[in-house]
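# Understanding the architecture of this molecule
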Amino acid sequence: MTTRGFAGRRPTRDAAARLPPGQYETHDFPVLSLGPTPAVDLATWAFTLRDGPRPLARWSWSEFEALPRTTWRGDIHCVTKWSKFGTEWEGVTVDDVFAAAGVSPPTSYLLAQSYDDYDTNVPVTDLVGGRAMIATRFAGAPLAAEHGGPARLLVPHLYFWKSAKWLRGLRFTARDEAGFWELRGYHLYGDPWREQRYTNDP
Amino acid sequence: MTPAAAAPLRWHHARVTAVAARTPRVVSVFLDHAVERHDAGQHLDVRLTAPDGYQAQRSYSIASAPGVHPLELAIERLADGEVSAYFHDVAQAGDSIEVRGPIGGHFIWRPEDGGPLLLVAGGSGVAPLMAMLRLRAVAARDLPALLVYSARTWDEVIFRDELLEMEMRDPALRIVVATTRGAPVRSGDLGRRVDGEALAAVLAVWGHAPRHAYVCGANAFVEAMTQALVRQGMLPARIRAERYGGVA
């Protein structure tokens, strides 16, 4: 259906190729959070890997900082329709976290858990093979609190609500359990290239 | 709220019934919509299509109360805005657009959630809070409610006349307008930016401890207000935020 009088503003050819359907490019870095930004103290910060309720491994901030570090550059896509190109993140890949813990994933799913009680579900296959990291630096500087610092999950091939801010742990689950937004109208998986924004989008 | 039980949200045609100027930078777009009844605070996705098939999508908060026809979106003209410019310069009654929704299961208020209810708006962030106030006016009139609304000037207070009339007729509703570029107009209003101290002072005068707070506006404003409410002792889980990135 054509909208009368709407011409639109086309992205460049390069931008168009990098934009998933329904997205537009932004040059700033919008902040979207469901409540107040929690105060997370590095002195008490901990990152815990769990199988259900059972802790498998736990790192303090200094221990976590000592893990192997990886830099990732690329585009991120928010379900609110902005995409940001060429972002640069540094952190510890989920592969390296699992290796440091000496665990192989006991289940196929997990919930990323945050300090503000937010959580979001991601299949383990989407987190391994270099596809995801726990990021502590953005554009060469420590990750700002409003963008999820000190540490956030980064799963850039999924809509950005999956990249949980203020991360405190990953918890393996026996099945694919819906997280915060997944229980409130948003898609269980969230592939931007298939435009899986809302519950049961194909 | 079981995801598996819900049907996917489809795009629907919606007819524009009117476009009305609210302030120099905001129009209300009224839609004869075909979407499910919304909860106060939810938003709608809008999709426009150019003759060559190019499409643009944006999300807008719904300002009308649940169940009220036509449905109202308050749309601010953004610098370099692609979709907001269409609504300001082109759209008129009789046009048809596509909509999908309603969307969002967190920044919502229902009468049974109760109060006292604190609403804090920055600029066009008042839109979803207006849906809550309009709902409260018909469904929970005695519930103490306070709207703290920061706008640049008195003339940029969206829904101003309706808000003032609502407050006049309703002893349980208090409205404080803060104008960042102009003197306060009414006693109790503020002629400056609301910071944490000012918000604390306004809450002290109001005299209620909010059970729920909804804060909507540009990120810096929302960040300042939500942090101030945490310092006031509100549980973070009772403070719901919606942040506008300020993009086109």
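Here, every reference points to the structure presented above.
In this report, we go over the structure that sits alongside the text. Quick caveat: nothing in here was measured; it's all calculated off a predicted structure.

### Let's talk about the pattern of salt bridges
All names here are of chain A. Evaluated as defined, the whole model comprises 38 salt bridges over all chains. For the salt bridge of arginine 69 with glutamate 65, the shortest nitrogen-to-oxygen distance reads 3.4 Å. Taking the relative accessible area as the measure of exposure, arginine 69 reaches 31% and is therefore partly exposed. Among the salt bridges present, the one from lysine 162 reaches glutamate 182, with a minimum N-O distance of 2.7 Å. Residue lysine 162 is found in the loop between strand S10 (152–154) and strand S11 (167–173), and its partner glutamate 182 is found in the segment after S11; the two are separated by 20 residues along the sequence. Linked by salt bridges that have partners in common, Glu65, Arg69, Glu90 and Arg137 make up one network.

### Considerations on the interface of chain B and chain A
Contacts between the two partners involve 49 residues from chain B and, on the opposite side, 38 residues from chain A. Our enumeration of links across chain B and chain A arrives at 5 salt bridges. When the shortest N-O distance is used, the salt bridge between lysine 81 of chain A and aspartate 45 of chain B registers 2.9 Å. Counting across the chain B and chain A interface gives 21 residue pairs in polar contact (both at pLDDT 80 or more). At the level of secondary structure, the elements contributing two or more residues to the side of chain B that touches chain A comprise strand S3 (43–49), strand S4 (55–61), strand S6 (96–103), helix H5 (219–231) and strand S11 (239–244) of chain B. Partitioning the side of chain B that touches chain A into residue classes produces 22 nonpolar, 15 polar and 12 charged.

### A short note on the nonpolar core
Across soluble globular proteins, nonpolar side chains show a tendency to be buried alongside one another. Counting residues in hydrophobic clusters, the biggest one holds 37 residues, and the most contacted among them are Phe47, Phe64, Ile134, Leu153 and Leu170 of chain A. Contributions of two or more residues to this core are made by strand S2 (46–51), strand S3 (54–60), helix H2 (61–65), helix H3 (94–101), strand S6 (109–114) and S11 of chain A. Other than its neighbours up to four places away in sequence, leucine 170 of chain A contacts Phe47, Thr48, Leu49, Arg50, Val94, Leu110, Leu111, Ala112 and Ile134 of chain A. Counting 34 residues, the second-largest nonpolar core is a separate cluster that includes Leu147, Tyr149, Phe159 and Cys216 of chain B.

Rules used in this analysis
Residues numbered from 1 in each chain as written. Chains lettered and ligands numbered in written order. Predicted model: local features only at pLDDT ≥ 70, side-chain atom pairs only at ≥ 80, totals over all residues. Heavy atoms only, no water. Salt bridge = Lys/Arg side-chain N within 4 Å of Asp/Glu carboxyl O. Buried < 20%, exposed > 50% of the residue type's maximum accessible area, 1.4 Å probe, protein only. Helix = DSSP H or I, 4+ residues; strand = E, 2+ residues; numbered from the N terminus. Contact = heavy atoms within 4.5 Å. Polar contact = N/O pair within 3.5 Å; in protein donor to acceptor, adjacent residues only side chain to side chain. Nonpolar A, V, L, I, M, F, W, Y, C, P; charged D, E, K, R; others polar. Core = buried A, V, L, I, M, F, W, Y, C linked by side-chain atoms within 4.5 Å.

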